[in-house]
Amino acid sequence: MAPRDDGIGASVRRKEDFRFLTGRGMYTDDINRPGQLSAYILRSPYPHAELVRIDTSKAAQAKGVVAVFTGADMAKDNVGGLPCGWLIKFKDGSPMKEPPHPPLAQGRVRYVGDQVAVVIAETREAARDAAELIDVEYKPLPAIATIDDAIKPGAAQIWDIAPGNTCYDWELGDKGAVDTAFKKAHKVAKIELVNNRLIPNAMEPRAALGDFDPASGDYTLYTTSQNPHVIRLLMGAFVLHIPESKLRVFAPDVGGGFGSKIYHYAEEAIVTWAAGKVKRPVKWTADRSESFMSDAHGRDHVTRAELALDKDGKFLALRVSTLANLGAYLSTFSTCIPTYLYATLLAGVYTTPAIYCEVRAVFTNTVPVDAYRGAGRPEATYLLERLVDVAARETNMDRVEIRRRNFIPNDAFPYQTPVALQYDSGNYHATLDQALKAADWAGFEKRRAEAKARGKLRGIGVSTYIEACGIAPSNIAGALGARAGLFETAEVRVHPTGTVTVFTGCHSHGQGHETTYAQLVAEGLGIPIENVEVVHGDTAKIPFGMGTYGSRSLAVGGTAIVKAMDKVIKKGKKIAAHLLEAAEADIEFKDGKFAVAGTDKSKAFGEISLAAYVPHNYPLEELEPGLDETAFYDPKNFTFPAGCHIAEVEVDPDTGVTQLVKFTAVDDVGRVINPMIVEGQVHGGVAQGIGQALLERCVYDSNGQLLSGSMMDYTMPRADDLPPISVATHTTLCTHNPLGVKGCGEVGSIGSPPAVINAIVDALSPLGVRDISMPATPQRVWQAIQGAQTRQAAE
Amino acid sequence: MDMTGEYRIPAARETVWRALNDPEILKQCIPGCETVEKVSDTEFTARVAVAVGPVKAKFNGRVTLTDLQPPESYTISGEGQGGVAGFGKGSANVRLEAEAPIMTVLRYTAQATVGGKLAQIGARLVDATARKLADEFFSRFASVVAAPAEPGAAAPEPVATPAETVSTETPTAAAAPARPALAPVVWIPLLIAVIGILLWLVTR
């Protein structure tokens, strides 16, 4: 039988795109409730200041204003702080410093954008105007804008409980083994680098609408979230103390998250609480400026690392010391990003036998930092892949050869790394070979010479990365400090006529779940894809799920759907056995039919579902009616997508402008359900990785003022910044989930930055340039060229 | 942002000092200035129309003089609070040195900070616009203060020369800036005016 055109492996057009492309999406800000009010949040213009006095009396009397609240009002109601979801420990085992995080500031503000007060008014304009009338007396305090400033002796203290502005000083790996290995090293490659701070800038700004029903006492929060149940749990249990049975959280269509919409934000708690206070719905929608100064930022590491090599270029040991900026408060998952999602990836695709990593995380007077597409793995990959290039240079080895020589061999799986992870499958040689061929690596020197004739410096760079998706299992994560489960759920509800609604705990905000999941179900139950509807985002409808982050939706959420379908099929077989008067063991399910093996007797899927809901001829004594199954799936392990990215650039030595000529990605994301969606995900991820490598940089001035706070000053990648991106996959199956899938959402932003920077360094290497920092702006590249020329002239 | 500079004004130090404290002269010289009022010996208010990019708006500012050492030096400072839009504040130490009977060197060091949304969106505009406006001020101030007829005859009255008189002079003829520089006395009110415009812009 020919493969289905709507099943696994088919490039089905995205079901959700019709409504998106025709402007019929339903986003949080599109939702309006009767009697709705608008909230405007007054934010601190000071990075660090005492709140001496807040006088809201004038604002409260302004036209259209219903109420003005401050932190003191929330404190009176016993509102709790925003919780942090992962406990990290110091090297000595003591817990991290965990300061309070009130939704509205109490006594002190700690970054520009910190919430000071909220005005609730009839209109957005009235709320905004009234906010001007709030008289706040600030007593400015010395502020800390950067990691360097935070760790200086005598630096200002952001939190009394965190001396030296240190949240934790954590380690992973065998320090003794690493020290011993370094003593035996033939060569040591060293690098110091900054992983630039990024501002996520999802297309849809965050929004939240709180609603309270005085009749039932029920609260509803509509919000731009990647994980509504997590928000319900955190906000209900820790912040507002609303029983989960009285709180519904609905994340409708969401226009991009990239991690920044995972976290429980103050505004969600503020509008929900305020709706209860004023007994009317309250909506807050961020404007773009607010997004810049209130959405959690990403990355922001400063790292030194050393790689010990033997005389054959084999990696003996890796030593890494990282400083990570957490911002002023702990965002929901901020603490695990520079630790368990970073240091655990430092083996990369290599057999390095000993690895030690220490991470000191610091507070600064900046927006909280948390996961951003890749979350820890781009930081690890950038470090490692830059360092491997340095090692190649130090040992006079070819960049590709040194990688091959250190790859984990194909027959070594499952492979236990020295940094806790166990890789289940992979073929790093295959993705490398395929990418080298697609990028015509062999023909590069000819292109370099041709470019040189035109006065351009051409370079090529490679990155062979690995990442880890679908954080799991829950019990191990819990032992490492996670304060949440990491399973996923799905309910497969078969309707009487055989159509199906899937309720998933994951959330789609651009990934195309409504299509990919429908393909799984169409294939699994043998029904047309049109008969499958996917519902997500509404805690009133879906089973308790953890949402979407870390490229987990297919590997964890998709597997939950498969498990629920298995239950449906199992029950369907029982019903079919009854109807066909056969033994259950003789019933086979194939292509949407329940058949008695070896006969032509069969029942269509729709006949079985009808029998289940109209149980006239039905084994009621043994079997419940209905065909509606739920599964919870807690994975045994992470999945490990890996691959090879190759960037080719041309640098104009006169202007420092880097043009990306070509980008090649060959990724192993496990089984591919929808190749078109995978390609789109890789494209998007690569675009973001290129943004980090060439364009994006969040800048605070030394006083803690955010300078790159608008699209004028923060450079997002645009279409003309991007080269043709060649995307291909090479599949090895994940061994521990039934679909064999690994995840594709983040590979692009993880593999690409080092490929781009390695290419630029390669282009400039004839001049003696050894390093360039991200973002490699024309100014930086030009300065590097000038610096190299000055050095050469001096020699 | 920090700025320093010096400027040579072809007038006696006393004359320059008085001009810097004379509302009428300041009004003539500050681009777009509608009123300057001396609230007290150490406090001025001003109403200025300033354009930042495509937007023009009027702004009320207030500056304070401290550490007055006539006719040698003083500190001038001002602050603009924009509520939801942030804040801006600046101060400058100004020194006047008599280089010759009718040649005064004005030296200043100025600091200004902007905060909140203003820094987020307008920081770079503040700098550029303040410089441009201050340059305009300075050439006017030099022509007004440079005594054309009787440079030595500094009357005890303020050298409040009527605008008509000023217009007969060749602008900048006497002014010979050592390098591009700003007079802080105007730089501060202008800064505040610019901040005001930006506050208005970013809160729209």
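Residues numbered from 1 in each chain as written. Chains lettered and ligands numbered in written order. Predicted model: local features only at pLDDT ≥ 70, side-chain atom pairs only at ≥ 80, totals over all residues.

### Structural notes on the sheet that holds strand β25 (residues 628-633) of chain A
Residues and elements named next belong to chain A. Pairing within the open sheet is mixed, and its four strands lie in the order β21-β20-β19-β25. Of all strands in the sheet, those bounded by a partner on one side alone are β21 (532-536) and β25. Mean inter-strand twist for the sheet, computed between neighbouring axes without regard to direction, equals 15 degrees. The sheet contact formed by strand β19 (residues 488-494) and strand β20 (residues 500-504) spans five bridges and is antiparallel. From the neighbouring strand, Glu-491 faces β20, where its bridge partner is Phe-503. Most of the contacts of helix α15 (residues 513-525) go to β21, to which it runs at about 135 degrees, and overall it touches β19, β20 and β21. (Pairing = 2+ DSSP bridges. Helix = DSSP H or I, 4+ residues; strand = E, 2+ residues; numbered from the N terminus. Axes fitted to C-alpha atoms, helices over the stretch in contact; angles between N-to-C directions. Contact = placed C-beta atoms within 7 Å.)

### Quick word on α15 of chain A
Residue and element names in this part refer to chain A. Over its 13 residues, α15 extends 17 Å from the first C-alpha to the last, a length consistent with the 18 Å expected when each residue adds 1.5 Å. Of all 13 residues that make up α15, 13 are buried, and the element is covered over most of its length. Following α15 by one or two positions, Gly-526 adopts a phi angle in the positive range, close to 65 degrees. (Expected span 1.5 Å × (residues − 1). Buried ≥ 20, exposed ≤ 12 C-beta atoms within 10 Å, placed from the backbone.)

### Focus on the environment of Thr-366 of chain A
Residues and elements named next belong to chain A. By secondary structure assignment, the location of Thr-366 is in the loop between β15 (354-363) and α10 (377-394). For the pair formed by Thr-366 and Gly-217, sequence separation is 149 residues and the distance between their alpha carbons is 37 Å. Beyond its immediate sequence surroundings of up to four residues, Thr-366 is in contact with Tyr-111, Ala-145, Asn-325, Gly-327, Ala-328, Tyr-700 and Gly-704.

### Quick look at the nonpolar core
Of all hydrophobic cores here, the largest spans 256 residues; its most connected members are Ala-39, Val-119, Leu-346, Val-521, Ile-561 and Ile-760 of chain A. With twelve residues, helix α16 (residues 553-579) of chain A is the largest single contributor of residues to this core. Residues within four places of Val-119 of chain A in sequence aside, it is in contact with Ala-39, Tyr-40, Ala-59, Val-65, Val-68, Ala-127, Ala-130 and Ala-131 of chain A. Membership of the second largest hydrophobic core comes to 34 residues, among which are Leu-26, Cys-29, Ala-92 and Phe-141 of chain B. (Core = buried A, V, L, I, M, F, W, Y, C linked by C-beta atoms within 7 Å.)

### A few points about the interface of chain A and chain B
One frequent convention defines the size of an interface as the accessible area lost when the parts assemble. Each side of the interface is counted separately: chain A has 15 residues, and chain B has twelve residues. Looking at the side of chain A that touches chain B element by element, the count peaks at three residues for helix α9 (residues 288-294) of chain A.

### Examining the packing of α10 of chain A against helix α19 (residues 747-764) of chain A
The relative placement of two packed helices comes down to the angle between their axes together with the axis-to-axis distance. Residues and elements named next belong to chain A. Between α10 and α19, the least distance of the axes is 8 Å, while the angle of their chain directions is 30 degrees. In this view, α10 runs roughly parallel relative to α19, as classed from their interaxial angle. The handedness of the crossing between α10 and α19 is right-handed. Here α10 contributes Arg-377, Pro-378, Thr-381, Tyr-382, Glu-385, Arg-386 and Asp-389 to the contact with α19, which in turn contributes Ser-749, Ile-750, Gly-751, Pro-753, Pro-754, Ile-757, Asn-758 and Val-761. Broken down by class, the residue content of the contact of α10 with α19 amounts to seven nonpolar, four polar and four charged. (Parallel < 35°, antiparallel > 145°, perpendicular 65-115°, else oblique. Left-handed = near helix turned anticlockwise from the far one by under 90°. Nonpolar A, V, L, I, M, F, W, Y, C, P; charged D, E, K, R; others polar.)

### Focus on the sheet that holds strand β23 (residues 593-596) of chain A
Residue and element names in this part refer to chain A. The three strands are arranged β22-β23-β24 in an open sheet whose pairing can be described as antiparallel. With one partner strand each, in any of the chains shown, β22 (587-590) and β24 (602-604) form the two edges of the open sheet. Averaged over neighbouring strand pairs, the angle between their axes works out to 20 degrees when direction is ignored. Of the pairings in the sheet, the one linking β23 to β24 comprises three bridges and is antiparallel in character. Of the residues in β24, the one forming a bridge with Phe-594 is Lys-603. The strands touched by α16 are β22, β23 and β24; relative to β22, the strand with the most contacts, the crossing angle is about 125 degrees. Across the sheet, helix α17 (residues 605-613) touches β23 and β24, and the angle it forms with β24 is around 80 degrees.

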